[in-house]
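In case you want the letters, here they are:
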Amino acid sequence: MGPAKQGCDRNEMIIMPAELSKIYFKLLNIYDPQGWWPLLDFHDSAKGINPTKTGSLKGYHPGLYHYPKSERQVFEVCIGAILTQSTSWSQVEKALINLRNIGCLEPKKLIATDSDVVKLAIKPAGYFNQKYKKLIAFSEFFITLKGKIPERKDLLKVFGIGDETADSIILYAYRQPIFVVDAYTKRIFERIGLIKKSSKYHNIQIFFEKNLARDFKIYQEYHALIVEHAKRFCKVRPDCAHCPLKDICKKKL
DNA sequence: AACCAGGACGTGA
DNA sequence: TCACGTCATGGT
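## What to know about the protein's contact with DNA strand C
- Near DNA strand C you find Q91, K94, K123, G126, Y127, F128, N129, Q130 and K200, and these make up its full shell.
- Each atom of DNA strand C within 4 Å of the protein was assigned to sugar, phosphate or base; sugar and phosphate come to 57%.
- Taking Q91, its side chain carries an N or O atom lying 3.2 Å from a sugar or linking oxygen of DNA strand C.
- A distance of 2.7 Å separates a phosphate oxygen of DNA strand C from a polar backbone atom of N129.
- Elements that contribute at least two residues to the surface near DNA strand C include exactly α3 (89-101) and α6 (128-145).
- Element by element, the count of residues in the surface near DNA strand C is highest for α6, at three residues.
- Residues belonging to the surface near DNA strand C are distributed by class as follows: two nonpolar, four polar and three charged.

Structure follows, in structure tokens:
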């Protein structure tokens, strides 16, 4: 262990408390509530529909933060979080539907089902050999929870669950206030100029949590808005000309 | 026709 | 610790 106080004396991030919440409300105004995490069997009246959202509208439940509300839905969110690693959600949705059709959105059944059958079901989501192992490892862990909320450190011990997936599970499946950092978060806020390229996961996470109200609903919404903004404008090759945040962004192209 | 998608793991420096 | 290869399918 090196000298005390990692990160505190390094001026790694310029703290501008107002900025992060300003950007949050700006994104919220532009894109409206995103209704994460999508659920397969979520069917509700038109009040749940967000017309500004990209991709499939099915499964999203904007403005409703009480999901998932059953053990089965909690498991579905966790499985989705694993399946969506480096994969687009539309592909994950296909895999989840396949899993549901073979009765494998339930941990014991998933474990008991023939591996080739499960692999075929999750094939659309890619990396099916890797992800099969991950799903089994998580299912076994999930059973040991007996309905309790998992600790982050225990989630990280499970094969296939790293920082982002662990935090996605805690935030969206268990509705606990922990901020999810992903590649989009780094990309957007590097370009804006609030974090450095060398910033690591934990530092970025602390940066957000220190500058936002400790509210799982805000954390859920912010992460979803970040994903939406990254898909629309802050892509690998960004569309700065039409970006609604260009006035506050440092990067100009 | 490359490039990328709501990452994590294993390896060797 | 850190950079890099690997895992795989499908949309743009």
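## Comments concerning the protein's contact with DNA strand B
- Every one of the 23 residues lining DNA strand B counts as a neighbour, but W37, Y60, G160, Y184 and R187 are closest to it.
- Atoms of DNA strand B within 4 Å of the protein: sugar and phosphate make up 68%, bases the balance.
- A distance of 3.4 Å separates a phosphate oxygen of DNA strand B from a polar backbone atom of W89.
- One of the side-chain nitrogen or oxygen atoms of K231 is found 3.3 Å away from a base nitrogen of DNA strand B.

## Re the pattern of salt bridges
- Inspection of the entire model under this criterion finds eight salt bridges.
- Close ionic contact of K26 with D247 constitutes a salt bridge, the shortest N to O distance being 2.9 Å. Taken together, the residues span a long stretch of sequence, with K26 in helix α1 (residues 17-31) and D247 in the segment after α11 (216-232) at a distance of 221 residues.
- Given a relative accessible area of 28%, K26 falls into the partly exposed group.
- Here E76 ties to R72 by a salt bridge, and the two come within 2.9 Å at their closest N and O atoms. Within this pair, E76 and its partner R72 are both found in helix α2 (residues 71-83), separated by four residues, close to a single helical turn.
- Exposure remark for E76: the relative accessible area of 2% places this residue in the buried category.
- By relative accessible area, which is 29% here, R72 ends up partly exposed.
- Taken together, the shared-partner salt bridges connect R152, D163 and D167 into one network.

## Looking at the packing of aromatic side chains
- Applying the stated criterion across every chain, the model contains 17 aromatic pairs.
- Taken together, a centroid distance of 6.2 Å and an interplanar angle of 25 degrees make the contact between F75 and F138 stacked. Linking F75 in helix α2 with F138 in helix α6, this pair joins segments that are 63 residues apart in sequence.
- Each residue in the set Y24, F25, F179, F189, F207, F208, Y219 and Y222 is aromatic and connected to the rest through ring pairs, giving one cluster.

## Side note on the packing of α3 against helix α5 (residues 115-122)
- Running from N to C, α3 and α5 point in directions that differ by 145 degrees, and their axes come no closer than 7 Å. Of the residues in α5, those touching α3 at A95, N98 and L99 are V118, A121 and I122.

## A short note on the confidence of the model for chain A
- With 87% of its residues at a pLDDT of 70 or more, chain A has an overall mean of 90.
- Scored below 50 in pLDDT, residues 1-14 makes 11 contacts in the model with residues more than four places away or belonging to other chains.

## Here we look at the side chain of K134
- Looking at the secondary structure, you find K134 in helix α6.
- The charged side chain of K134 is buried without a salt bridge, its nearest counter-charge being E164 at 11 Å.
- What K134 contacts, discounting residues up to four positions off in sequence, is I82, Q85, F159 and G160.

## Comments concerning helix α9 (residues 183-192)
- Those residues of α9 not exposed but buried are T185, R187, I188, F189, R191 and I192.
- Note on α9: the residue one or two positions beyond its end, G193, has a positive phi of about 110 degrees.

Rules of the game
Residues numbered from 1 in each chain as written. Chains lettered and ligands numbered in written order. Predicted model: local features only at pLDDT ≥ 70, side-chain atom pairs only at ≥ 80, totals over all residues. Heavy atoms only, no water. Near = heavy atom within 4 Å. Polar contact = N/O pair within 3.5 Å; in protein donor to acceptor, adjacent residues only side chain to side chain. Helix = DSSP H or I, 4+ residues; strand = E, 2+ residues; numbered from the N terminus. Nonpolar A, V, L, I, M, F, W, Y, C, P; charged D, E, K, R; others polar. Salt bridge = Lys/Arg side-chain N within 4 Å of Asp/Glu carboxyl O. Buried < 20%, exposed > 50% of the residue type's maximum accessible area, 1.4 Å probe, protein only. Phe/Tyr/Trp six-rings, centres within 6.5 Å; stacked < 30°, edge-to-face > 60°. Axes fitted to C-alpha atoms, helices over the stretch in contact; angles between N-to-C directions. Contact = heavy atoms within 4.5 Å. pLDDT = per-residue confidence, 0-100. Lys, Arg positive; Asp, Glu negative; His and termini not counted.

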